[in-house]
Amino acid sequence: MSKFIIRKVAVLGAGVMGAQIAAHCVNSGVPVILFDLPGKDDADGIVKKAIAGLARLEPAPLARADLARQIEVANYDQHLDRLAECDLVIEAIAEKTEWKHALYARVAPHLHDKAIFASNTSGLSINTLAEGCPESLQARFCGVHFFNPPRYMPLVELIASRGTHPALLDRLETFLTSTLGKSVIRALDTPNFVANRIGVFSILAVLHHTERLGLGFDEVDALTGPLIGRPKSATYRTADVVGLDTLTHVIRTMIATLPDDPWAAHFKLPAWLETLVGQGALGQKSGAGIYRKEGKKIRVLDPARGEYRDSGAEVAPEVAAILAERDAGRRLAALRASAHPQARFLWAIFRDVFHYAAHHLSAIAHSARDVDLAMRWGFGWAQGPFETWQEAGWQTVAAAIAADIAAGHAMSATPLPAWVDTLDGVHRVEGAFDAAGARFVARSALPVYQRQLFPERVTGEAERATRTLWENPEVRLWTLDDEDGRHVPVLSFKSRMNAVGPVVLDGIIEAVHRAEREHDGLVIWQPAGPFSVGANLKQIRPLLEAGDFVALEGIVAKFQQMSQTLKYAQIPVIAAVSGLALGGGCEIVMHATRAVCAQESYIGLVEAGVGLIPAGGGCKEFALRTSRAAARTATNDPMNWLQGIFQTLALGQLGKSALQAAELGFLREQDIVVPHAHEVLHVARQTARALHAAGHRAPLAPAGIPVAGRGGIATLQMMLENMREGGLISPHDYRVSLAIATALCGGDVEGGSLVDERWLLDVEREQFVTLLGTPETAARLVHMLETGKPLRN
């Protein structure tokens with residue numbers, strides 16, 4: 001099969017999933033056409049309504065609001081000929097085989113002869129669906145199952161039918177990974193595939209043991225969230241978010257397609273769930289489900305009474321103490337030994353999911369790794385079931401499961417498969433266990449994965465070796481162990497949340513100087529997120545409480561020195577960003593030669609929230625960028641740009657994607673957005689090498705920067721006066737915002753005055769230190785440190 005590029009995508013079906021898949025395509029710069037049935041009054045009305053609805057969904061499906069306009073609208077009656085423009089066509093209509101087959105017959109004649117045709121089914125048989133395709137299309141048909149919400153959930157399951165051409169799967173996996181930024185698992189064509197098969201069984205186990213032990217839904221959610229490495233929405237809240245109708249559908253799929261499953265007796269819909277669905281109480285999308293918001297109260301269903309009650313159940317202290325145990329083996333053993341219903345519940349759901357996953361591993365997945373990663377990527381678990389089992393002691397846990405099976409405590413009397421007793425774990429350095437082949441298998445050798453220098457690892461896998469070139473207590477300069485390190489080393493922080501304090505600042509400056517002497521470039525990248533939460537407030541607090549403003553000003557000056565060192569480095573310095581880059585972290589991004597950012601990077605100067613202003617060069621850099629933007633216009637008026645930037649900084653606005661960060665001005669046109677977070681380091685290193693090869697030199701310092709001065713400050717102050725009089729901001733908000741205005745406008749000088757970067761740095765530093773001396777800012781800083789939340793005062 002010849003190689004070709006997927007230039008354009010069509011999505012068939014503008015429901016919740018179809019519209020969001022289309023949104024994610026445009027997030028990644030892929031042109032897309034969204035199809036649905038013709039509307040009554042407006043032929044494209046159904047699709048237009050679906051696109052408009054994207055703006056109301058939370059979390060936002062679109063990386064930038066205006067991208068909605070990039071989704072092309074179409075309907076099946078008028079526009080099927082446009083399918084010939086598309087190289088990938090994804091069907092995402094309702095989960096009814098006969099409806100899908102009817103649509104396949106209708107669209108197949110319009111696909112070009114190399115187009116990939118894929119179904120987004122969440123669990124229907126791909127082989128059965130392929131039977132609805134003409135024979136000429138079957139080699140190009142497969143399953144491509146996105147998880148909801150598609151922008152944020154990494155997992156896509158790729159499922160072949162018997163006739164799917166292997167090369168098609170390779171190129172589709174490459175596209176999904178590098179272009180759409182997804183994490184792909186090759187699933188077998190079994191009911192509900194991998195993640196939903198295990199995940200839905202896990203939900204069924206929770207339903208069963210909730211009823212058996214008489215626990216409340218909110219009590220179970222307190223137990224099955226972050227305390228055990230699961231999402232904050234836990235179990236029942238997740239069901240509401242996904243939709244109780246969707247949950248009902250996948251359970252019914254298991255009932256219909258797995259009658260001989262040893263756990264089939266437990267594949268049933270609770271009466272309360274059927275009642276809610278029958279009443280149209282489908283969860284978040286209908287305004288009520290297992291939970292219901294009444295005014296400011298969140299109420300939860302009491303299934304025994306069929307009524308809602310106040311929620312807020314908590315984990316018992318003795319169970320919380322067990323869950324706080326760091327050793328996984330002791331933690332599971334203590335849960336099993338405890339008589340407390342909450343502990344018995346937790347042991348039971350762990351045991352039954354371990355049992356189920358082991359029994360079905362050979363039938364549903366190519367390896368234990370695929371199961372564990374599918375549960376991480378598709379359900380948001382911190383660890384998959386096999387990882388948890390292995391970390392707790394494989395044979396010890398296996399013996400406990402076997403004992404419970406023998407005693408009749410497990411959900412099924414089926415014994416553990418024989419292979420369990422022959423192993424000490426399913427993850428090893430050489431690979432993961434393939435139960436069907438009775439062997440350990442390595443990761444995919446598909447070339448796209450060479451771009452992931454540090455892919456997400458499961459417990460027991462070996463990490464790629466690195467070699468330290470230099471370090472201090474809070475930063476490390478390193479290279480890959482198989483390289484000589486003389487080209488593009490990596491600088492990573494060792495501080496908590498990668499916060500930036502004096503030792504990190506010294507480390508960055510030293511690393512740049514070393515790279516200038518010995519290397520071709522430098523990449524700043526963190527092996528574990530976030531990129532950086534900004535200034536280390538914990539280290540600032542003692543100086544603030546001691547009133548040592550000379551030392552505090554010295555730290556700010558060192559921060560500014562670090563930023564200027566990055567900006568004027570004689571080698572390219574690349575900020576490789578994924579996740580949060582706040583405050584000082586954002587200023588590192590703004591001053592690096594280039595930023596290479598994962599799409600899901602959240603970047604912003606948020607200092608106003610703690611009563612401060614950006615003073616690590618952030619205000620200076622925006623004043624400079626505004627001056628340059630104004631110089632390119634006929635009016636040369638910086639206020640056209642300053643007002644928007646001022647509002648962004650005064651509100652502490654965060655770019656909720658890399659694309660939005662660019663829109664807000666935190667990223668520049670030359671900065672690069674990468675869809676997959678695990679490819680950021682590779683792209684950053686390649687960018688540094690390319691800049692070095694092109695003869696990179698530090699930029700010339702601007703000779704004279706025209707600033708808005710007193711007139712600009714007065715204009716912005718008028719905005720603040722109106723907001724203060726309207727009660728929209730507090731007196732201290734006013735003071736902080738006025739300091740931002742002063743720094744952006746270059747201080748107390750005439751409008752149009754020419755200043756240099758040093759002047760601008762002095763102004764922002766002076767304003768920052770002045771605010772530090774106010775009791776209101778001190779209170780905000782302490783409150784943030786103690787609660788993690790901003791204080792309005």
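Thresholds applied
Numbering of residues starts from 1 in each chain and follows the order in which that chain's sequence is written. In view of the model being predicted, local features appear only for residues whose pLDDT reaches at least 70, and side-chain atom pairs are presented and counted only at 80 or more, with totals across whole chains, interfaces and linings using the full set of residues. With hydrogens and water stripped out, all remaining heavy atoms of the structure feed into the side-chain values. Every helix listed is a DSSP run of H or I at least four residues long, and every strand listed is a run of E at least two residues long, numbered separately from the N terminus. We compute the radius of gyration from the C-alpha atoms alone; for a globule the expected value is 2.2 Å times N to the 0.38, where N is the number of residues. The buried label goes to any residue with under 20% of its type's maximum accessible area, the exposed label to any with over 50%, and the partly exposed label to all in between, with areas taken from a 1.4 Å probe on protein chains only. As annotated, the domain borders come from an automatic or database domain assignment. Note on contacts: a residue pair is in contact if any heavy atoms of the two residues lie within 4.5 Å. The pairing criterion for strands is at least two bridges between them, as found by DSSP. Orientation is described by lines fitted to C-alpha atoms, with helices fitted over the stretch in contact, and by angles between N-to-C directions that extend from 0 to 180 degrees. Every helix has an expected span of 1.5 Å times one less than the residues it contains. Between rings of Phe, Tyr and Trp, where Trp is taken as its six-membered ring, a pair exists when centres lie within 6.5 Å; planes separated by under 30 degrees are stacked, by over 60 edge-to-face, and by other angles tilted. Here, over-ring charges are defined by two tests on the NZ atom of lysine or the CZ atom of arginine: distance to the ring centre within 6 Å, and angle to the ring normal within 35 degrees.

Engineer: Quick one: what's the story with the overall build of the protein chain, residue by residue and with numbers?
Structural biologist: Looking only at helices and strands, the protein chain has 29 helices and 23 strands in total. Taken over the C-alpha trace, the protein chain has a radius of gyration of 28 Å; the compact-globule value for 793 residues is 28 Å, and the two agree within 12%. Along the first, second and third principal axes, the C-alpha set of the protein chain runs to 80 × 65 × 60 Å. When the 793 residues of the protein chain are sorted by exposure, 56% land in the buried category.

Engineer: Talk me through the domain arrangement of the protein chain; I want residue IDs and the actual numbers.
Structural biologist: As far as domains go, the protein chain holds domain 1 (9–187), domain 2 (195–441), domain 3 (464–606 + 652–699) and domain 4 (619–648 + 702–793). Its C-alpha centre places domain 1 at a distance of 46 Å from the equivalent point of domain 4.

Engineer: So, the environment of Q717: which residues are in play, and what are the values?
Structural biologist: Looking at where Q717 falls in the secondary structure, it is placed in helix α26 (residues 709–725). The exposure class of Q717 is partly exposed, given its relative accessible area of 27%. Sequence separation between Q717 and L738 is 21 residues; the distance between their C-alpha atoms is 6.6 Å. Excluding residues that lie within four positions of it along the chain, Q717 makes contacts with Y734 and L738.

Engineer: Let's hear about the sheet that holds strand β11 (residues 307–310): which residues, and what values?
Structural biologist: Pairing in this open sheet of three strands is antiparallel, and the strands run β9-β10-β11 from one edge to the other. Each having just a single partner strand, β9 (291–294) and β11 make up the two edges of the open sheet. With direction set aside, neighbouring strand axes in the sheet form an average angle of 40 degrees. Across four bridges, strand β10 (residues 297–302) lies against β11 in antiparallel orientation. From the neighbouring strand, L301 faces β11, where its bridge partner is Y308.

Engineer: Tell me about the sheet that holds strand β20 (residues 594–604), and please be specific about residues and values.
Structural biologist: Taken together, the seven strands give an open sheet; going across it, the order is β15-β16-β17-β18-β19-β20-β21, and neighbouring strands pair in mixed fashion. Every interior strand has two partners, whereas the edge strands, β15 (466–472) and β21 (672–674), have only one. Geometrically, the sheet is characterised by an average inter-axis angle of 25 degrees between neighbouring strands, direction not taken into account. Relative to strand β19 (residues 573–582), strand β18 (residues 522–524) is paired through three bridges, and the arrangement is parallel.

Engineer: So, helix α1 (residues 16–27): which residues are in play, and what are the values?
Structural biologist: Over its 12 residues, α1 runs 16 Å from end to end, which matches the ideal 16 Å to within 8%, given 1.5 Å per residue. With respect to burial, α1 is a largely interior element, 11 of its 12 residues being buried. When we look at burial in α1, the residues that qualify are M17, G18, A19, Q20, I21, A22, A23, H24, C25, V26 and N27. Taken from the residues just after α1, G29 is the one with a positive phi, measuring 80 degrees.

Engineer: Any chance you could break down the packing of aromatic side chains for me, citing the residues and the numbers?
Structural biologist: The final tally for this structure, using the stated rule, is 23 aromatic pairs. Taken together, a centroid distance of 4.9 Å and an interplanar angle of 80 degrees make the contact between Y104 and F117 edge-to-face. Placement of Y104 in helix α3 (residues 97–107) and of F117 in strand β5 (residues 116–119) is noted, with a sequence separation of 13 residues between them. Of the two residues examined, Y104 and F117, each falls in the buried class. Taken together, F350, F354, F386, W389, W394, W419, F433 and F440 form an aromatic cluster joined through their ring pairs. Directly above the aromatic system of W99 lies the positively charged group of K96, at a separation of 5.5 Å from the ring centroid.

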